[in-house]
Amino acid sequence: MKRNLMLFFLPLAAFLSAVKSNAQTPEDSVTYMLDEVIVKVDPSLTTLKGNALLTRVSGTQLEHAGTANDVLKQVPMVLGENGNFEVFGKGAPAIYVNGRIVEDLSELSQINSANIKNVEVITSPGAKYDASVKAVINIRTKAPQGDGFSGTLRAQATLQKYFRTLDQINLKYRTGGLEAFANFGYLGGKFETNNSIDYLTRSSVIWNQKISMYGHSNSSDFYGKAGFSYMFNSNHSIGAYYSNGFTDIHGDFSGTTSVWANDIPFDKISIEAENHKKQLPKHHANLYYNGRAGKWGVDFNMDYMWRKDRSSLTNNELSQNYDDNLVTSLSNNHSSLFAEKLIFSYPFWNGGIEFGEEYTSSRFSTDYSISSSLVRGTDTRVDENNIAGFVELGQQFGMWSVSAGVRYEHVKFKYMENGHNRDDMTHTYNNIFPSLSVSTMFNRVQMALSYTNKIQRPSYDDLDGAIDYINRFTLEGGNPYLKPANIHNIQLSGAWSRFFGQLSYSYIKNPILHSTIPYSEDGEVKLIIKKNFPKMQKLEAFIGSQFQLGIWQPKVNLGIIKHWFTFDYDGHKTSLDNPIGLVQWQNAIHLPADIWLNVDLQWKSAGNGENAKVSASSYFNAKLYKAFFNNQFSISFEANDIFNKNRENSTLYSHDVTVTNRDLATSRAFILTLQYSFNTSRDRYKGRGAGVEELNRF
């Protein structure tokens with residue numbers, strides 16, 4: 001099983017982690033293209049390009065940030081770090097580099113910030129993207145330079161109570177139109193787990209369990225990738241790559257559980273747990289053609305993925321008053337995907353048209369066995385085929401830019417259990433997803449209004465019918481009956497002078513949230529699952545600005561997310577609609593000797609996210625960065641969450657079970673990074689990838 005039993009309770013509001021905006025150095029002026037409208041703006045600004053936020057990196061302080069990871073942490077609307085990014089209020093984005101999809105997010109740490117030209121954040125993607133893609137990040141690097149060998153060597157050491165390391169080697173050889181590359185990486189070390197978890201379970205008896213779990217896991221992750229691209233001329237390019245990897249994680253945990261029945265002490269249980277997960281192999285291959293014939297543009301991609309992983313868990317419960325309980329489980333998972341995508345483009349009237357198709361075929365199977373008499377083992381398989389067609393038209397009418405598109409998707413979902421088809425869980429979906437965007441400029445105010453219809457498909461983990469053992473009163477499992485959630489979104493964006501902002505409203509039909517159902521015959525044991533609820537509404541607002549005061553470049557960002565959600569809790573209707581606010585103050589200071597100091601502060605209020613409540617949290621980060629030898633070698637030192645306050649506590653509300661999680665692990669971290677690059681050049685690889693969102697579901 002991919003579900004991590006004791007990490008289930010981690011905050012559901014992770015979308016409100018570190019939002020960073022860009023810091024930039026003002027220059028005189030530069031000409032930008034607002035679609036086809038030419039506008040002169042201050043290059044220090046984050047500007048609108050159609051309905052996307054465009055942040056310049058070249059010629060700004062962000063050139064000295066370190067890597068693409070460090071740049072994205074300071075781009076408006078982008079949240080998170082180290083490859084785990086979200087876009088404010090939209091969730092995990094599809095990330096592209098020069099039009100090529102980033103499959104392995106560790107690749108972002110391999111891109112030198114000095115080689116990045118700009119970053120584009122699209123929060124209302126059009127019809128050419130999968131209907132489940134709610135945000136896109138496009139990273140564009142500077143023009144390629146030089147033939148011969150080039151490469152980047154990077155070593156990063158992190159101390160976060162325990163030590164871990166990240167080491168990467170990227171090599172490239174270019175001659176004429178041929179480019180061959182090979183990338184290798186290793187992530188290894190020790191990670192802390194320290195949680196206090198309360199379960200309040202309502203049955204014929206009110207069970208209250210207070211669990212303290214602590215321990216650590218050791219992780220080793222190897223990664224390799226090799227490929228080539230060949231440019232016949234400026235109009236035709238082909239390429240392919242193959243990647244593979246190996247992951248091994250071993251964890252040891254111990255703890256205690258104190259149990260009360262109707263507020264009367266019932267039992268005290270000592271817990272010793274061990275888990276082991278091995279993922280081998282992780283095959284992935286991509287083949288592409290990118291070209292132009294006359295006025296016609298053609299972009300074709302084909303992807304194949306096959307993975308296997310094996311997970312085992314041993315949970316030994318030693319009861320003070322009742323029988324001991326030893327539970328072991330073993331899960332073997334296989335996942336595979338084949339996808340292809342073909343896009344044609346052609347200049348038309350006052351703009352252009354894009355149309356094409358995308359096909360994805362995927363399979364996920366689990367063979368799960370468990371020793372507990374309370375839970376049965378299962379052998380399940382999910383097959384899904386998605387055939388899509390799309391067309392998108394962009395036109396320019398004076399100062400007005402209009403883009404309209406429509407996407408059709410035909411999805412066949414098949415569920416099998418113990419070798420037999422489950423007709424009650426087999427579905428066919430036919431959906432049409434329209435999109436519309438209008439942008440313009442009044443005086444120096446850029447504005448964009450857009451509408452998109454998107455879908456949120458449940459992950460294969462959420463669909464898996466296998467059941468995980470948490471403790472003798474509580475289980476966790478998937479729900480094969482889940483339906484996709486349908487999302488309607490209206491968004492208004494604007495930029496003026498040094499200010500930018502965005503206001504977004506979403507209506508979500510059939511949202512997928514946590515809930516509980518009785519599992520045992522007497523109903524005393526509860527099963528935590530995902531289920532569809534009738535509806536949910538969400539409002540997001542974000543505004544930011546940046547300034548230049550000599551060597552000091554301060555930035556201020558304000559954000560708020562508010563849900564409207566009502567559900568049955570403890571026998572009555574309950575509304576969770578308290579907003580979550582975000583305040584950020586980010587500072588870049590250019591010190592003597594060309595040293596950059598970054599000091600970032602963030603405060604997040606308590607509030608509700610979906611059917612959970614999260615506590616207030618804050619952090620204080622500091623970073624020193626220095627580059628040598630014309631940016632070929634750089635060194636940086638970071639002290640993140642210096643006061644150890646960036647730990648979110650959460651309470652998850654469901655029908656019969658309330659789960660409160662307190663994260664007690666050390667969040668303070670010290671990071672030293674060394675990076676050396678030689679003969680740096682931009683990749684010519686133009687493969688955009690197919691089945692992008694389907695890969696994320698695995």
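Fair warning: this is a prediction, and the values are worked out from it, not measured in the lab.

Parameters and conventions
Residues numbered from 1 in each chain as written. Predicted model: local features only at pLDDT ≥ 70, side-chain atom pairs only at ≥ 80, totals over all residues. Heavy atoms only, no water. Helix = DSSP H or I, 4+ residues; strand = E, 2+ residues; numbered from the N terminus. Rg over C-alpha atoms; globule rule 2.2 N^0.38 Å. Buried < 20%, exposed > 50% of the residue type's maximum accessible area, 1.4 Å probe, protein only. Contact = heavy atoms within 4.5 Å. Lys, Arg positive; Asp, Glu negative; His and termini not counted. Charge placed at Lys NZ, Arg CZ, Asp CG, Glu CD. Phe/Tyr/Trp six-rings, centres within 6.5 Å; stacked < 30°, edge-to-face > 60°. Lys NZ or Arg CZ within 6 Å of the ring centre and 35° of its normal. Pairing = 2+ DSSP bridges. Axes fitted to C-alpha atoms, helices over the stretch in contact; angles between N-to-C directions. Core = buried A, V, L, I, M, F, W, Y, C linked by side-chain atoms within 4.5 Å. Salt bridge = Lys/Arg side-chain N within 4 Å of Asp/Glu carboxyl O. Polar contact = N/O pair within 3.5 Å; in protein donor to acceptor, adjacent residues only side chain to side chain. pLDDT = per-residue confidence, 0-100.

### Some thoughts on the overall build of the protein chain
In step 1: Looking only at helices and strands, the protein chain features three helices and 44 strands.
In step 2: Against the 2.2 N^0.38 benchmark of 26 Å for 698 residues, the protein chain shows a C-alpha radius of gyration of 26 Å, consistent with a compact globule.
In step 3: Along the first, second and third principal axes, the C-alpha atoms of the protein chain reach 75 × 60 × 50 Å.
In step 4: Counting over 698 residues, the protein chain shows a buried share of 55%.
In step 5: Intrachain contacts of the protein chain at a sequence separation of at least 6 include 68% that bridge at least 24 residues.
In step 6: Distance between charge centres in the protein chain, computed from 68 positive and 68 negative side chains, equals 5 Å.

### Here's the deal with the environment of I580
In step 1: The topology assignment puts I580 in strand β36 (residues 580-591).
In step 2: Spatially, the C-alpha atom of I580 lies 37 Å from that of D248, the residues being 332 residues apart in sequence.

### As for the packing of aromatic side chains
In step 1: Here the structure, examined in full by the defined rule, presents 27 aromatic pairs.
In step 2: Aromatic side chains F567 and Y569 sit 6.2 Å apart centroid to centroid with 45° between the ring planes, which places their arrangement in the tilted category. Residue F567 shares its accessibility class with Y569, and that shared class is buried.
In step 3: Aromatic ring contacts, followed pair by pair, group F533, F565, F567, Y569 and Y653 into a single cluster.
In step 4: If you follow K225 out to its NZ or CZ, it ends over the ring of Y241, 4.1 Å from the centre.
In step 5: The positively charged end of K626 is found above the aromatic ring belonging to F628, 5.3 Å away from the centroid.

### Brief notes about the sheet that holds strand β4 (residues 47-49)
In step 1: As summarised here, the arrangement of the six strands in space is β4-β5-β10-β11-β8-β9, forming an open sheet in which the pairing is mixed. Where the open sheet ends on each side, the last strands, each with one partner, are β4 and β9 (100-101).
In step 2: As judged from the three bridges shared by β4 and strand β5 (residues 52-56), these two strands associate in the antiparallel manner. Following the sheet pairing, T47 is matched in β5 by L54.

### What to know about the environment of L527
In step 1: Here L527 shows up in strand β31 (residues 526-532).
In step 2: Using a relative accessible area of 7% as the deciding quantity, one classes L527 as buried.
In step 3: Separated by 330 residues in sequence, L527 and I197 place their C-alpha atoms 17 Å apart.
In step 4: Beyond its immediate chain neighbours, meaning those up to four positions away, L527 contacts I467, L475, E476, G477, S515, T516, I517 and Y519.

### Concerning the sheet that holds strand β27 (residues 474-477)
In step 1: Pairing within the open sheet is mixed, and its four strands lie in the order β26-β27-β31-β30. Bordering the open sheet on either side are β26 (467-471) and β30 (512-518), each of which pairs with just one other strand. Direction aside, the axes of adjacent strands within the sheet are offset by 35° on average.
In step 2: Bridge count between β30 and β31: seven bridges; the pairing is antiparallel. Looking at the pairing, I517 lines up with L527 of β31.

### Examining the nonpolar core
In step 1: Grouped together as the largest cluster of nonpolar side chains are 32 residues, with contacts concentrated most on V71, L72, I116, V119, V121, I137 and I139.
In step 2: Of all the secondary structure elements, the ones that give two or more residues to this core are α1 (68-72), β6 (78-81), β7 (84-87), β8 (94-97), β10 (116-122) and β11 (136-141).
In step 3: Apart from the residues lying within four places of it in its own chain, the contact partners of I139 are A68, L72, I95, Y96, V97, N98, L108, I116, N118 and V119.
In step 4: Core analysis: the next-biggest nonpolar cluster, separate from the first, contains 20 residues, L482, M536, F565 and F567 among them.

### Observations concerning the pattern of salt bridges
In step 1: Under the defined criterion, the tally for this structure stands at 26 salt bridges.
In step 2: Residue K128 pairs with E354 through a salt bridge whose shortest N-O separation is 3.4 Å. Taken together, the positions of K128 in the loop between β10 and β11 and E354 in strand β20 (residues 351-370) put the pair 226 residues apart, joining distant regions of the chain.
In step 3: Between K530 and D462 there is a salt bridge whose closest N-O contact spans 3.3 Å.

### As for the side chain of N286
In step 1: Here N286 lies in strand β17 (residues 264-293).
In step 2: There is a polar contact of 3.3 Å between the side chain of N286 and the side chain of N301.
In step 3: Side chain to side chain, N286 and D303 meet in a polar contact 2.9 Å long.

### Regarding the pairing of β36
In step 1: The sheet contact formed by strand β33 (residues 552-564) and β36 spans 10 bridges and is antiparallel. In the strand pairing of β36, Q553 is matched with A588.
In step 2: For β36 and strand β37 (residues 595-604), the ladder comprises 10 bridges, and the chain directions are antiparallel. Each bridged residue has a counterpart across the sheet, and for H590 the counterpart in β37 is W596.
In step 3: The antiparallel hairpin formed by β36 and β37 contains three residues in its connecting segment, where A593 sits at a positive phi of about 65°.

### Some remarks on unusual backbone geometry
In step 1: Residues L280 and P281 are joined by a peptide bond in cis, for which omega reads -5°.
In step 2: With respect to the secondary-structure elements, P281 resides in strand β17.
In step 3: Phi is positive for D594, which is not a glycine, with a value near 60°.
In step 4: The topology assignment puts D594 in the loop between β36 and β37.
In step 5: With a relative accessible area of 35%, D594 lands in the partly exposed category.

### As for the environment of S237
In step 1: Topologically, S237 is positioned in strand β16 (residues 236-261).
In step 2: As a C-alpha pair, S237 and L159 span 78 residues in sequence and 44 Å in three-dimensional space.
In step 3: For S237, the side chain forms a polar contact with the side chain of Y288, separated by 2.7 Å.

### Details of the confidence of the model for the protein chain
In step 1: Per-residue confidence for the protein chain averages 86 on the pLDDT scale, and 90% of its residues sit at or above 70.
In step 2: Predicted confidence is poor over residues 1-44, with pLDDT under 50, and the contacts of this stretch with residues over four places away or in other chains come to 188 contacts.

### Focus on the side chain of S450
In step 1: Among the structural elements, S450 can be located in strand β25 (residues 445-456).
In step 2: The exposure class of S450 is buried, given its relative accessible area of 4%.
In step 3: Among the polar contacts made by the side chain of S450, one reaches the side chain of S124 at a distance of 3.0 Å.

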